[in-house]
Amino acid sequence: MEFFIISVIKIVIVLLIILTVVANLVYVERKVSAAIQNRIGPNRVGPWGLLQSPADVLKLFIKEDIVPSTANPFIHSLAPVISISVALVTFAVVPFGGSVELFGHQVKLMIADVNIGVLYILALTSLGVYGVTLSGWSSNNKYSLLGGLRAAAQLISYELSLGLSIIGVVMISGSLELDRIVEMQSGFQWNAFLTPIGFITFIVASFAETNRLPFDLPEAEPELVGGYHTEYSGMKFGTFFLAEYANMITASSLIVTLFLGGWQFPFLETFGLPAMMATVVQVLTFVTKVAFVLFFFIWIRWTIPRFRYDQLMNLGWKVMLPLALVNLVITGGLILAGLF
Amino acid sequence: MDLFDIVFYCFALIAVGSAVVVVFSRNIMYAAFALLFAFFGIAGLYVLLQADFLAVTQILIYIGGILVLMLFGVMLTNRVVDVDIKTGTLQIVPAAILAAVVGGSLSGVFYSTWSTVSGTPSDVATTTPAIGEMLMTSYILPFEIASIILLVALIGAAMIARRKT
């Protein structure tokens, strides 16, 4: 019972934080893109335009919800729900701090301490394809269908290199537990330095999995109108929008957890801080690292142009997959040589 | 009837109920969807029996891989070719024989091993290392044969897809 209550509290807190960050991330993205393109960005609603995101969400909520008459209404409504829940549920296994003693309870700072965390992540990212495919199919619109099919093909192709680049990390730490993987990266033994090729392939595959530019072909505006969410309006469209940003947060925290040392602050244990302070520093370290990766996501989006579709597929199968395999061989060789 | 039983029967109901829909649904799209829930029900049963690795691979491979491809096939052929794909009742006799053979051998295995399996799941913390070790030692031959069959299927699919008609 106690375990149940603690879990519910953790879920509520993490969910609230993520949804708040998602709303503000949209604002940050618009401000950063404005800075990159030498514009001003949103500055009318509230001080420095800070209330722009709440205003947008309010607008989406009170807009009319249109379901095309030829669409399949049940699946049409189900698709955005799948998209956002997959993005949020994946975050459950990400550790955002060590364990902490609160009111006499030992609390681990992650929602679900699953001993096969890495497999759990892979399983859930493979579900993400349902959201886009089903929305594209159920809208009964050729642009939606094409967008959905493109998205599915892209996700399936890049999932392979995503999984293969994680395997390098699993080989080094010898565990599928994310907690253990983070613990192994104390000091500066970050997996990004130990398996640099795996790190790069994982980042590129994450970009493809989150459908962000340069990989946002599923919704390439000049060719496909709105892509798989052409026929969506109101808060259903808003849910897809939120899911994209929630996916970005989850992907960034995975990059941080698997490759950038997670919540580890290098050599924190030598500072002799009290336990409570140390935990606060760890959580702040995690948040800072995630913020940097998120900024990197936005930065890339407004810097690099979109791929052509065949280039995207060629990159996925002829460059990324062999690179990920090479990474496996190199990592295995280094482990055999006793370097890790 | 404790919590374990209740959860077990819930998952079992989901799995069996959706399997019935898969078989009897006339609309192939709904059948594919029901299959999704059947897979989920079975994954839930695995989790309940502490087979964590099996549960996750069930989702990863069947739901995330195979079912996606099936949906793909249905979507691409259903509306584009303008042929309504319906499932009908064909070949009753071979199907009945096949079902009887499979069902018979399954229940045979069940009744012959029933006494050796104790009622409680093992308290092994994680099943992944054990499964990995078994696959690479005692069961290396079936494992390799399975991978060769998959490779053959892959090459065959590529050959058929690339053939000029």
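Residues numbered from 1 in each chain as written. Chains lettered and ligands numbered in written order. Predicted model: local features only at pLDDT ≥ 70, side-chain atom pairs only at ≥ 80, totals over all residues. Heavy atoms only, no water.

Draft legend 1. The overall build of chain A, seen in detail. Check the secondary structure of chain A and you find twelve helices and two strands. What you see in chain A, going N to C, is helices and strands ordered as α-α-α-β-β-α-α-α-α-α-α-α-α-α. Here the C-alpha atoms of chain A give a radius of gyration of 21 Å, agreeing with the 20 Å that 2.2 N^0.38 yields for 340 residues. The buried share of chain A, reckoned over its 340 residues, is 53%. Within chain A, contacts between residues at least 6 apart in sequence are counted, and of these 78% link residues at least 24 apart. A distance of 9 Å separates the average location of the 18 positive side-chain charges in chain A from that of its 20 negative side-chain charges. (Helix = DSSP H or I, 4+ residues; strand = E, 2+ residues; numbered from the N terminus. Rg over C-alpha atoms; globule rule 2.2 N^0.38 Å. Buried < 20%, exposed > 50% of the residue type's maximum accessible area, 1.4 Å probe, protein only. Contact = heavy atoms within 4.5 Å. Lys, Arg positive; Asp, Glu negative; His and termini not counted. Charge placed at Lys NZ, Arg CZ, Asp CG, Glu CD.)

Draft legend 2. Expanded view of the packing of helix α3 (residues 73-90) of chain A against helix α4 (residues 117-138) of chain A. Residues and elements named next belong to chain A. In contact at an axis separation of 8 Å, α3 and α4 are set at 160° when each is read in the N-to-C sense. One way to sum up the angle between α3 and α4 is to call them roughly antiparallel. Crossing handedness for the pair α3 and α4: left-handed. Between α3 and α4, the contacting residues are Ile-75, His-76, Ala-79, Ile-82, Ser-83, Val-86, Val-89 and Thr-90 on the first element and Tyr-120, Ile-121, Leu-124, Leu-127, Gly-128, Tyr-130, Gly-131, Val-132, Leu-134, Ser-135, Trp-137 and Ser-138 on the second. Classifying every residue of the contact of α3 with α4 by side-chain character gives 13 nonpolar, seven polar and no charged. (Axes fitted to C-alpha atoms, helices over the stretch in contact; angles between N-to-C directions. Parallel < 35°, antiparallel > 145°, perpendicular 65-115°, else oblique. Left-handed = near helix turned anticlockwise from the far one by under 90°. Nonpolar A, V, L, I, M, F, W, Y, C, P; charged D, E, K, R; others polar.)

Draft legend 3. Examining the domain arrangement of chain B more closely. We note that the domain assignment places domain 1 (1-78) and domain 2 (125-165) within chain B. Placing a centre on the C-alpha atoms of domain 1 of chain B and another on those of domain 2 of chain B gives a separation of 22 Å. (Domains from an automatic or database assignment.)

Draft legend 4. Examining the interface of chain A and chain B more closely. Taken together, the contacts link 21 residues of chain A with 24 residues of chain B. Both faces combined, the contact of chain A with chain B buries some 2000 Å², and carbon together with sulfur accounts for 79% of it. Per-residue buried area on chain A facing chain B is highest for Ile116(A), Tyr130(A) and Trp137(A); these three make up 30% of the total on that side. Applying the counting criterion to the chain A and chain B interface returns zero salt bridges. Seen at the junction of chain A and chain B, the total is one residue pair in polar contact (both at pLDDT 80 or more). (Buried area = accessible area lost by both parts, 1.4 Å probe. Salt bridge = Lys/Arg side-chain N within 4 Å of Asp/Glu carboxyl O. Polar contact = N/O pair within 3.5 Å; in protein donor to acceptor, adjacent residues only side chain to side chain.)

Draft legend 5. Layout of the packing of aromatic side chains. Residues and elements named next belong to chain A. Summed over the entire model, instances satisfying the criterion amount to 13 aromatic pairs over all chains. Ring centres of Phe-199 and Phe-259 lie 5.5 Å apart, and the angle between their planes is 50°; on these two criteria the pair is classed as tilted. Of the two residues, Phe-199 is situated in helix α8 (residues 196-209) and Phe-259 in helix α10 (residues 234-259); the sequence distance between them amounts to 60 residues. Taken individually, Phe-199 and Phe-259 each receive the classification buried, so the pair is uniform in this respect. Pairing Phe-202 with Phe-259 gives two aromatic rings, centres 5.2 Å apart and planes at 45°, and the pair type is tilted. You can see Phe-202 sitting in helix α8 and its partner Phe-259 sitting in helix α10, a full 57 residues away along the chain. Of the two residues, Phe-202 and Phe-259, neither departs from the other in class, the shared state being buried. The rings of Phe-207, Phe-295, Phe-296, Phe-297 and Trp-299 are connected pair by pair, giving a single aromatic cluster. (Phe/Tyr/Trp six-rings, centres within 6.5 Å; stacked < 30°, edge-to-face > 60°.)

Draft legend 6. Unusual backbone geometry, seen in detail. Residues and elements named next belong to chain A. Positive phi, normally seen in glycine, also occurs at Asn-38, with a value near 60°. Tracing the backbone shows Asn-38 in the loop between α1 (2-36) and α2 (52-62). You will see that Trp-48, though not glycine, has its phi angle at about 55°, which is positive. Inspection of the secondary structure puts Trp-48 in the loop between α1 and α2.

Draft legend 7. Structural detail: the nonpolar core. Ranked by internal contacts, the top residues of the largest apolar core, which has 98 residues, are Tyr130(A), Leu134(A), Phe202(A), Ile255(A), Leu258(A), Leu260(A) and Met29(B). Looking at this core element by element, the count peaks at twelve residues for α4(A). For Phe202(A), the residues in contact, after removing those within four places along its chain, are Leu162(A), Ser165(A), Ile166(A), Leu254(A), Ile255(A), Leu258(A) and Phe259(A). (Core = buried A, V, L, I, M, F, W, Y, C linked by side-chain atoms within 4.5 Å.)

Draft legend 8. How the structure looks around the packing of α10(A) against helix α11 (residues 275-301) of chain A. All names here are of chain A. Here α10 crosses α11 at 120°, and the two axes come no closer than 9 Å. Considered as vectors, α10 and α11 are oriented oblique to each other. As for the relative orientation of α10 and α11, their crossing is right-handed in sense. Contacts from Glu-244, Tyr-245, Met-248, Ile-249, Ala-251, Ser-252, Ser-253, Ile-255, Val-256 and Thr-257 in α10 reach Phe-286, Lys-289, Val-290, Val-293, Leu-294, Phe-297, Ile-298 and Arg-301 in α11. Considering only residue class, the contact of α10 with α11 consists of twelve nonpolar, three polar and three charged.

Draft legend 9. Summary view of the pattern of salt bridges. Residue and element names in this part refer to chain A. Scanning all chains against the criterion turns up three salt bridges over all chains. Between Arg-301 and Glu-29 there is a salt bridge whose closest N-O contact spans 3.6 Å. Of this pair, Arg-301 sits in helix α11 while Glu-29 sits in helix α1, placing them 272 residues apart in sequence. Between Asp-56 and Arg-30 there is a salt bridge; the shortest N-O distance is 3.2 Å. Here the residue Asp-56 occupies a position in helix α2, and Arg-30 occupies one in helix α1, the gap between them amounting to 26 residues.

Draft legend 10. Here's a closer look at a nonpolar patch on the surface. A cluster of nonpolar side chains, Phe4(A), Ile5(A), Val8(A), Ile9(A), Val12(A), Ile13(A), Leu16(A), Ile17(A) and Val21(A), forms an exposed patch at the surface whose accessible area comes to about 800 Å². Counting through the fold element by element, Val12(A) comes out in helix α1. (Patch = residues over 30% accessible without salt bridge, like charges linked within 9 Å, V, L, I, M, F, W, Y side chains within 5 Å. Areas by Shrake-Rupley, 256 points an atom, 1.4 Å probe, with all protein chains shown as cover.)

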